[in-house]
Each structure stands twice: as C-alpha cells, then as structure tokens.
Amino acid sequence: RAMELPPSHFPAGRAAAVAVGYLRYLRGGPGRGLELRTLRRARRQDIDDVGHKYCLELELEDVLDKGRTVHCTAEVLYHLGSKSTAPDVQVTVQGELRSTEEADQQFYNRIRSLEKELVAENIPDSHGNVPPELEPIHLLAWAASGYVIWQNSTENTKFHLAQVKHVKQVKRSDEDLQFDYVLLLHEMVSQEVIPWEVTVLWHPRRGARVPRDRRQPGLAPG
Amino acid sequence: PANMKLIFIFSALIGASLCLETFVGHQVLRIKTKNEEEVEQLQLLESLDHLELDFWINPSAPALPVDVRIPAVSVQSVKAFLESQGIEYSILIEDLQDVLDKEKQDMAESAQRQRSSSFDFGAYHTLDEINNELDHLASEYSFVEKIQIGESYEKRPLYVLKFSTGGSNRPAIWLDAGIHSREWVTQASALWIANKIASDYGTDDSVTSLLDKMDLFLLPVANPDGFVYTHTWNRMWRKTRSKIPGSVCVGVDPNRNWDAGFGGPGASANPCSDSYHGPSANSEVEVKSVVDFIKNHGNFKAFLTLHSYSQLLMFPYGYKCTRPDDYAELESLGRAAANSIQSLYGTTFQVGTICKTIYQASGGSIDWSYDNGIKYSFAFELRDTGRYGFLLPASQILPAARETWLGLKKIMEHVRAKSS
C-alpha cells in the first residue's frame, strides 16, 4: 500500500515543504533558520477514509551553520477531502541542533532595551538585502511563516515566505516579545503572493508561538 | 579713414542676423595687435552687435592676443578688413562645428568606455540601464546586433541581441529571460551571459565553434512592462500589464498564454489570478511578437527560457502529463546540463518534465516551441529554493549566472553537434 515516490517530483516536494515549515515553527527563531537541503526518500500511503500519508527522509541545514547536516524523518498526513484541517505532522530530528542560547539572549535583551518599538518593512528589500541587525527579525518571521504554512497546506499547495512586508513590535507587560508581521507568502501552484497578518510571541526559553494569524482578504487587482 | 571703411564694409551685413543652430563654417581667429591704434580698431569691431562677433579674449592691450569667433557669413569680410589695416591674425579653428562634432564623439566614446568597464553585472539594474548595456554590447562587437522584434502592451520595445558571425539564416538558438517580471535573477543573468558569449567568441573553443555554425537570439527582458512595474510599484508583479476587458484586474500570465494546450489545467480563467491565461492564446503582444519572429525565421533548433526560483531544469510537457517523443534524449541532456551546473558551486537542479517536476501548467512557452518542431526546448528555474525566492541577494547574481551558463552551454554544444 505504500508507494515509493521520486524525490524530484512535486508531490514529495510539497509534503517535504510542510514538514520543514512545521519544524521551522517548532525549532526556528531569531537565531536559527532551518532549510531543506535534500529530500532523500519519500513514500506515500493511501489510508482509506483518512487521507494520504507521506513518509520522508530529509537532510536539513541551519542557514547560520551550513556546514552541519541535520538528518530528519517526518510523516505528513493530509486529511481526506479537507480544506480546513491542517495536515498532521510529526518530525524526528536526529542528533542535536546547534545551540542558539547566547544569540537568543542577546536578541532578547536588545529588543527589550529599545526605547521605541521596532518598526521595519520590506525584509529583504527589492535587491535581496537584509541589514544585519534585522536578520533575527527575518529568521523569526521565517519561523512564524512555518506555522502558517503548516496550517494552510494541502497536496495542491506549496508555500514559501516571499518577504516580510511590515513588522511592528508591540511592547508587552509580560516577558514575551511580540511582533505583528505582515508577511507575503508565495504559493507556488497558483503563483499568488498572499499578504498574511501574523502575530508572533517569542521568548528565549519558550520559543515562538503564533496566537493570531489572518490571511488579508481580496486578490490585488494590480 | 578706417572707421568709414569699417562701417561701409559691414553695413551690408546689418540686419543679416542668422538664427544659428550650428557653428558650421564659423572660424576662430587669433589677432596680434602691434599698437594701441590696432587695439582701438578691434574695440570698434567689438561694438558692432549685428556682426555677432564672439570675443573669447577681448581686445585690451597691444601685448595680449585677441581671440574671436566669427559667424560663417562674416568670415571673409572680417579677414579682408584686418588685411586692409595690416593687422596680423592666424586661424585658430578652421570650422568650429568640426571641432564640436569631434568633441561630442570623443565624449560618447569615453562614456562608452566608462560604461563598459563600469556596468556592474553583479547588481540589479533598471530597464533603461539594461537597454543601454545592450547598445554597448552591440557597438563593441561586430557580430552582435540589437534588433527589435515588437513592442510591449505599453509600447516599450522588445529588444533581442542577435549573435551572428555570418551565413544566411543559419540554424539558431533562442534564449529568453524575465517573462515573469519579478524573477529578477533571470534578466540579470541574461545580461551577464550575453557579455560572456560576446567576449568568449574567438577565445573559447566551444563558443567559437558554436557561433561559427549557429546564430543565437537573446531576449533579456521578455516582459518589459512588468519589469518596470516591479521597479516602480510592486516588486512581486509577475504578469504583463495589459488591460482586460470587463475586469478591474490587470495583466496576463505570459507563460500560460502560448498556444499549447491553451486554457487547460494549470492556468486560471480568473483575470485577477497570477496564472490567468488571458482571453485567448497569443493575446499578449509580448508572446505574439516572439511567436511571429520564430515562425518567420523558420530555422530555430533550440528554445531556452529562464525563470526563477526552485532550481529546476525542465523539458516538455507541462500541459499534459504524457512524455514527449524525445523524452530519453531530453532527459539525458537535461541531466548532463544539471551536472555541469552542479560542478561549479554544488548547486543542485532537479531534472524532469514540467508536469512531473513542478505542476501541470498549460499554455507554456517550451510546450509551444516543442510542438512546433523545436526539439531542444528547456525551461530553467534558477536559484534559490525558497530562502530568498524572488528576492535573491545581488551577491548571488554572478554565481547564478555562471552556473546557469554552464548548463546552457552543455545544451548548446549538443544542439550544435546535432545540427550538422
């Protein structure tokens, strides 16, 4: 019942993107950006009355630590006929990821000590530039986009974060940092670039959480 | 006395004021005065406004030279006057317009030289900057010609660089970039590739033997309206900028507009969609211009097109999921090209048909070219795989262009070998 899939064909690639998005949300942050290097192997199992389950062997890398290979296995279950239920994803990382404790604490302290709330837009800019001091904001957006991608993916979509259109820090009385983002998500199959409002809470020990997200309504006429 | 003579000679010229737009025939004389009386003569001359004499050095003292520009119509009269008074002069400039023309030419050449050493292929450029560089390449290399194959919807010229070392309608290779305007690494890479091919002819065996046998046509900005829009309004714009009757939305996906399975799966009928196929096949002038050009030429052997991103090297079909007749050869050639790409920086490209590799998509350019007899039809999706996507940092332009070129070269070498 389980079919071997060519890793270079799109069904496996789409499932891999969901798994990586999910993992990025779980383990990504201002000091860590996980990216797919190679999809080693993919199998698909059609489960009656349930859906399609993809089993994947992945090689990832941390963009801030490219020399190291991160081996993962993942399972992505797309629910049958469902447009509103997110796929179930499980990811197992072999070995340890590089520690980001120091970088995380530095970032946390820097943002907490800002007098004015951070505001920025167009990250990267048109030419692909990201000012170094905004790179953690970019990586945090990448982690948050992983949540949105995981929650909104089907076998007929493939999402990437195209750009951080806008980000505004919101000071909080508790210990979390809060950033309200407008992200541009590129959906590969329809080729649409979709604006998405995403609120992200982050803390060095608690990681990233997305309590609120909303696809901005309407297709831009041009 | 001299004054009377002066007035007599020049009275005929009163009112003969020409509206001078050029300096054709104007002469500049250097006059050497020997005494105060001669200086006074020249000062009198200076006061005659209707002569429109232009003193570059005014008469002031006998020891100092007097330089004066004289309009063409007055040259002989002024000289006659000076000679009759025994005032010495020499001709500094025989014809001022000649000097100005030469100066203009020198400046243009210098600017061109400056441009040639200062066009930064590793940066993103505007449409005007790109078009200027096309002009420069065409002027610098005798076998490179800039031709116009049509106009965009907003009436911008569609410029193609033709690389031809001779012959008559030689078998040809087509290469285009930027059909989707937000894919900036493609226009940038196309420019680098154009320069690379031009400068390698005569020194690189492969390029030399290629151009000695075949012509190359390169369209670096296939969608100029969209490209300008990505600079001015919306960096993420993909489509053309054509107005669609009955819709508030603008633009057609030019790579769903070709006459190959037009309107089938993988293209949208919604004008507001980024993959809108358009009201009919070839409705977009940007597409029709290429179709007409290639059909009229009649001797194209390869059709290559650059997109980004995803790092894929694809061949037909996209509109259907069945294999093309030449699957084995195209797959093998694609694989060889991907290996060449990888050899430079380790960048991996997946190889396969459009339908299997990325999605089913109808109305695509390489499906059209393949179904119209151009066997070697390939579509590249360049760097990266999603980290930066369309917003690829400029620092990656040159590596992307270099590795892509290796893949293209591999394909072109094969096409040349098969076109004997």
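Residues numbered from 1 in each chain as written. Chains lettered and ligands numbered in written order. Predicted model: local features only at pLDDT ≥ 70, side-chain atom pairs only at ≥ 80, totals over all residues. Heavy atoms only, no water.

Within the secondary structure layout, E133 of chain B lies in helix α5 (residues 127-140). Aside from chain neighbours lying at most four places away, what touches E133 of chain B is F119, F121 and L191 of chain B. (Helix = DSSP H or I, 4+ residues; strand = E, 2+ residues; numbered from the N terminus. Contact = heavy atoms within 4.5 Å.)

Taking the UniProt record as the reference, the feature "domain: Peptidase M14" (unreviewed entry) is found at residues 123-415 of chain B. When the span residues 123-415 of chain B is considered, its composition is 37% helix and 17% strand, and the gap between its end C-alpha atoms is 31 Å. (UniProt positions renumbered as here; feature names shortened; annotations may be inferred.)

This paragraph deals with the state of the cysteines. All names here are of chain B. Under the definition given, this model contains 2 disulfides over all chains. Two residues share a disulfide in this structure: C249 and C272, whose sulfurs sit 2.0 Å from each other. Its torsion about the S-S bond being 90°, the disulfide of C249 and C272 is classed as right-handed. A residue pair is termed long-range when its members are at least 10 positions apart, and C249 in the loop between α8 (224-232) and α9 (285-297) and C272 in the loop between α8 and α9 qualify at 23 residues. (Disulfide = S-S within 2.5 Å.)

Turning our attention to the interface of chain B and chain A. Opposite the 35 residues of chain B that make contact, chain A presents 32 residues. For the pairing of chain B and chain A, the buried interface totals around 2,700 Å² over both sides, and the portion due to carbon and sulfur atoms is 52%. Interface area lost by chain B to chain A is led by Y359, R387 and L391 of chain B, which between them contribute 24%. The interface formed by chain B and chain A holds 1 salt bridge in total. Across the contact surface, chain B and chain A share 12 residue pairs in polar contact (both at pLDDT 80 or more). Looking at the side of chain B that touches chain A, the elements with two or more residues in it are β11 (350-353) and α11 (354-357) of chain B. Looking at which element gives the most residues to the side of chain B that touches chain A, the answer is α11 of chain B, with 3 residues. Its residues assigned to classes, the side of chain B that touches chain A shows 20 nonpolar, 8 polar and 7 charged. (Buried area = accessible area lost by both parts, 1.4 Å probe. Salt bridge = Lys/Arg side-chain N within 4 Å of Asp/Glu carboxyl O. Polar contact = N/O pair within 3.5 Å; in protein donor to acceptor, adjacent residues only side chain to side chain. Nonpolar A, V, L, I, M, F, W, Y, C, P; charged D, E, K, R; others polar.)

Turning to the nonpolar core, a few remarks are in order. Ranked by size, the top nonpolar core spans 100 residues in total, and within it F163, W174, L313, F378 and F380 of chain B carry the most contacts. Top contributing element to this core by residue count: helix α6 (residues 184-200) of chain B, with 10 residues. The contacts of F163 of chain B, once residues within four sequence positions are left out, are F143, V144, A194, I197, A198, L211, M214, D215, L216 and L218 of chain B. Listed in part, the 61 residues of the second largest apolar core include L34, L139, A141 and L185 of chain A. (Core = buried A, V, L, I, M, F, W, Y, C linked by side-chain atoms within 4.5 Å. Buried < 20%, exposed > 50% of the residue type's maximum accessible area, 1.4 Å probe, protein only.)

Turning our attention to the environment of R68 of chain A. Residue and element names in this part refer to chain A. Relative to the helices and strands, R68 is located in strand β4 (residues 65-79). The class of R68 is partly exposed, set by a relative accessible area of 37%. Sequence separation between R68 and R98 is 30 residues, and the spatial gap between their C-alpha atoms is 8.8 Å. For R68, the contacting residues outside a window of four places in its chain are R37, L60, E61, E96, L97 and R98. A polar contact is formed between the side chain of R68 and the backbone oxygen of E96, at a distance of 3.5 Å.

Note on sheets: strands pair through backbone hydrogen bonds, and any given pair is parallel or antiparallel. Residue and element names in this part refer to chain B. Reading across the sheet, the 8 strands line up as β5-β6-β8-β7-β9-β12-β10-β11 and stay open at both edges, with mixed pairing between neighbours. Looking at the sheet topology across the chains shown, the edges are occupied by β5 (144-151) and β11. On average, adjacent strands in this sheet sit at an angle of 20° to one another, irrespective of strand direction. Summarising the sheet, strand β7 (residues 172-177) and strand β8 (residues 215-219) pair through 5 bridges and their orientation is parallel. Bridge pairing links A172 to D215 in β8. Lying over the sheet, helix α13 (residues 397-418) contacts β7, β8, β9 (300-308), β10 (312-315) and β12 (376-382), oriented at roughly 175° with respect to β12. (Pairing = 2+ DSSP bridges. Axes fitted to C-alpha atoms, helices over the stretch in contact; angles between N-to-C directions.)

With that settled, consider the environment of L51 of chain B. All names here are of chain B. Counting through the fold element by element, L51 comes out in the loop between α2 (36-47) and β2 (54-57). Judged by its relative accessible area of 2%, L51 is buried. Considering only alpha carbons, one finds L51 and I173, 122 residues apart in sequence, at a separation of 63 Å.

All names here are of chain B. Of all residues in chain B, 92% attain a pLDDT of 70 or more, and the chain-wide mean is 92. Below a pLDDT of 50 lies the segment residues 15-20, which in the model reaches 6 contacts outside its immediate sequence neighbourhood of four places, other chains included. Here the complex is predicted with pTM 0.82, and the ipTM for its interfaces comes to 0.95. (pLDDT = per-residue confidence, 0-100.)

Next up on the list: the pattern of salt bridges. Evaluated as defined, the whole model comprises 32 salt bridges over all chains. Ionic pairing is found between R98 of chain A and D65 of chain A, a salt bridge with its closest N-O pair at 3.9 Å. Of this pair, R98 of chain A sits in the loop between β5 (88-94) and α2 (101-112) while D65 of chain A is found in strand β4, placing the two residues 33 residues apart along the sequence. Given a relative accessible area of 24%, R98 of chain A falls into the partly exposed group. With a shortest N-O distance of 3.0 Å, D54 of chain B and R69 of chain B are connected by a salt bridge. Taken as a pair, D54 of chain B in strand β2 and R69 of chain B in strand β3 (residues 66-70) lie far apart in primary sequence, 15 residues in all. Residue R69 of chain B is classed as buried on the basis of its relative accessible area, which comes to 12%. Via salt bridges that share partners, R37, R40, E59 and E61 of chain A belong to a single interconnected network.

Moving on, we get to helix α3 (residues 135-152) of chain A. Counted at 1.5 Å a residue, the expected span for α3 of chain A with its 18 residues is 26 Å, and the 25 Å between its end C-alpha atoms agrees. Burial of α3 of chain A is extensive: 16 of the 18 residues sit out of reach of the surface. (Expected span 1.5 Å × (residues − 1).)

Taken domain by domain, chain B holds domain 1 (27-94) and domain 2 (120-419). Using C-alpha coordinates to define each centre, domain 1 of chain B is positioned 65 Å away from domain 2 of chain B. (Domains from an automatic or database assignment.)

Our next topic: the sheet that holds strand β3 (residues 51-62) of chain A. Residue and element names in this part refer to chain A. Ordered by their spatial adjacency, 5 strands build an open sheet running β1-β2-β3-β4-β5, and the pairing between neighbours is antiparallel. What marks the edges here is a single partner per strand, and that holds for β1 (2-5) and β5. Going across the sheet, the axis of each strand differs from the next one's by a mean of 20°, ignoring polarity. Where β4 lies against β5, 7 bridges are found, and the strand directions are antiparallel. Each bridged residue has a counterpart across the sheet, and for V76 the counterpart in β5 is V89.

It is worth spelling out the packing of α6 of chain B against α13 of chain B at this point. Axes are the key here: two packed helices are described by the angle between their axes and the distance separating the axes. Residue and element names in this part refer to chain B. Relative orientation of the contacting elements α6 and α13 amounts to 65°, with a least axis distance of 9 Å. The two elements α6 and α13 meet at a crossing, and its hand is right-handed. On α13, the residues that touch V185, A188, S189, W192, I193, K196 and I197 of α6 are I397, L398, A400, A401, R402, W405 and L408. Taken together, the residues of the contact of α6 with α13 sort by class into 11 nonpolar, 1 polar and 2 charged. (Left-handed = near helix turned anticlockwise from the far one by under 90°.)

Let us now look at the pairing of strand β1 (residues 27-32) of chain B. Residues and elements named next belong to chain B. Note that β1 and β3 share 5 bridges and pair antiparallel. Each residue of the ladder has a partner; that of R30, found in β3, is D67. Relative to strand β4 (residues 88-93), β1 is paired through 5 bridges, and the arrangement is antiparallel. From the neighbouring strand, R30 faces β4, where its bridge partner is S90.

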